[in-house]
Amino acid sequence: MANASKAKNAAGTVEKTAVDTKTPAAAGKTVKDDPATKYTVQEFIDAADTLFADVDKSKRPSRYIIMAAFRFNKKTEATKEEGRQLIKAFMERKVN
């Protein structure tokens, strides 16, 4: 069997590896500030302190606010700026 696979490869067949089809982020490389990178709700929860560093610590969104903002907008992931905007808009909503 090993000879058959060697002959097959020697015949010029091209095999794609998993590394060829992965994006740079999936291949283990970090992509910084890529505007198309989408983050999950949990990643927004974990990074709330850095995303909302300009907001007073007592007024930063809690994990529950972040989850509610995403659920209200029917999203499970968003870009950094999009997520920040929808969380901020949810926090500023008026209660009737």
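Please refer to the structure placed before this passage.
Because the structure is predicted, anything quoted here is derived from the model rather than measured.

Side note on the overall build of the chain
Phase 1 of the analysis: The helix and strand tally for the chain stands at six helices and two strands.
Phase 2 of the analysis: When each of the 96 residues of the chain is scored for burial, the buried share is 16%.
Phase 3 of the analysis: Counting contacts in the chain only where the partners sit at least 6 residues apart, residues at least 24 apart contribute 55% of the total.
Phase 4 of the analysis: Working note: accessible area of the chain is about 7900 Å², and carbon and sulfur atoms make up 54% of it.

Description of the pattern of salt bridges
Phase 1 of the analysis: A full pass over the atoms with the stated rule returns three salt bridges.
Phase 2 of the analysis: Linking R60 and D49 is a salt bridge whose minimum nitrogen-to-oxygen distance equals 3.5 Å. With a gap of 11 residues between them, R60 in the loop between α4 (48-51) and α5 (63-72) and D49 in helix α4 connect regions that are remote in the sequence.
Phase 3 of the analysis: Judged by its relative accessible area of 21%, R60 is partly exposed.
Phase 4 of the analysis: Look at D49 and you get partly exposed, because its relative accessible area is 47%.
Phase 5 of the analysis: The partner of K75 in a salt bridge is E82, with the nearest N and O atoms 2.8 Å apart.

Side note on the nonpolar core
Phase 1 of the analysis: Ranked by size, the top nonpolar core spans 12 residues in total: V41, F44, I45, A48, L51, F52, I66, A69, F70, A78, L86 and I87.
Phase 2 of the analysis: At the level of secondary structure, the elements contributing two or more residues to this core comprise α3 (41-46), α4, α5 and α6 (80-91).
Phase 3 of the analysis: Ignoring anything within four residues of it in the chain, the contact list for I66 reads V41, F44, I45, A48, P61 and I87.

Some words on the environment of M91
Phase 1 of the analysis: Locating M91 in the fold gives a position in helix α6.
Phase 2 of the analysis: Note: C-alpha distance between M91 and I66 (25 residues apart in sequence) is 9.0 Å.
Phase 3 of the analysis: Ignoring anything within four residues of it in the chain, the contact list for M91 reads K59, P61 and I65.

Brief notes about the side chain of T79
Phase 1 of the analysis: Here T79 is to be found in strand β2 (residues 77-79).
Phase 2 of the analysis: In terms of polar contacts, T79 uses its side chain to reach the backbone amide nitrogen of E82, at 3.3 Å.

Comments concerning α6
Phase 1 of the analysis: With 12 residues, α6 should reach 16 Å at 1.5 Å per residue; the first-to-last C-alpha distance of 17 Å fits that figure.
Phase 2 of the analysis: Taken together, the buried positions of α6 are G83, L86 and I87. Seen from one end, α6 has its buried residues packed into an arc of 100 degrees, which puts them on one side.
Phase 3 of the analysis: The inward-facing, buried residues of α6 abut α3, α5 and β2.

The rules behind the values
- Residues numbered from 1 in each chain as written.
- Predicted model: local features only at pLDDT ≥ 70, side-chain atom pairs only at ≥ 80, totals over all residues.
- Heavy atoms only, no water.
- Helix = DSSP H or I, 4+ residues; strand = E, 2+ residues; numbered from the N terminus.
- Buried < 20%, exposed > 50% of the residue type's maximum accessible area, 1.4 Å probe, protein only.
- Contact = heavy atoms within 4.5 Å.
- Areas by Shrake-Rupley, 256 points an atom, 1.4 Å probe, with all protein chains shown as cover.
- Salt bridge = Lys/Arg side-chain N within 4 Å of Asp/Glu carboxyl O.
- Core = buried A, V, L, I, M, F, W, Y, C linked by side-chain atoms within 4.5 Å.
- Polar contact = N/O pair within 3.5 Å; in protein donor to acceptor, adjacent residues only side chain to side chain.
- Expected span 1.5 Å × (residues − 1).
- Arc of directions from axis to C-beta.

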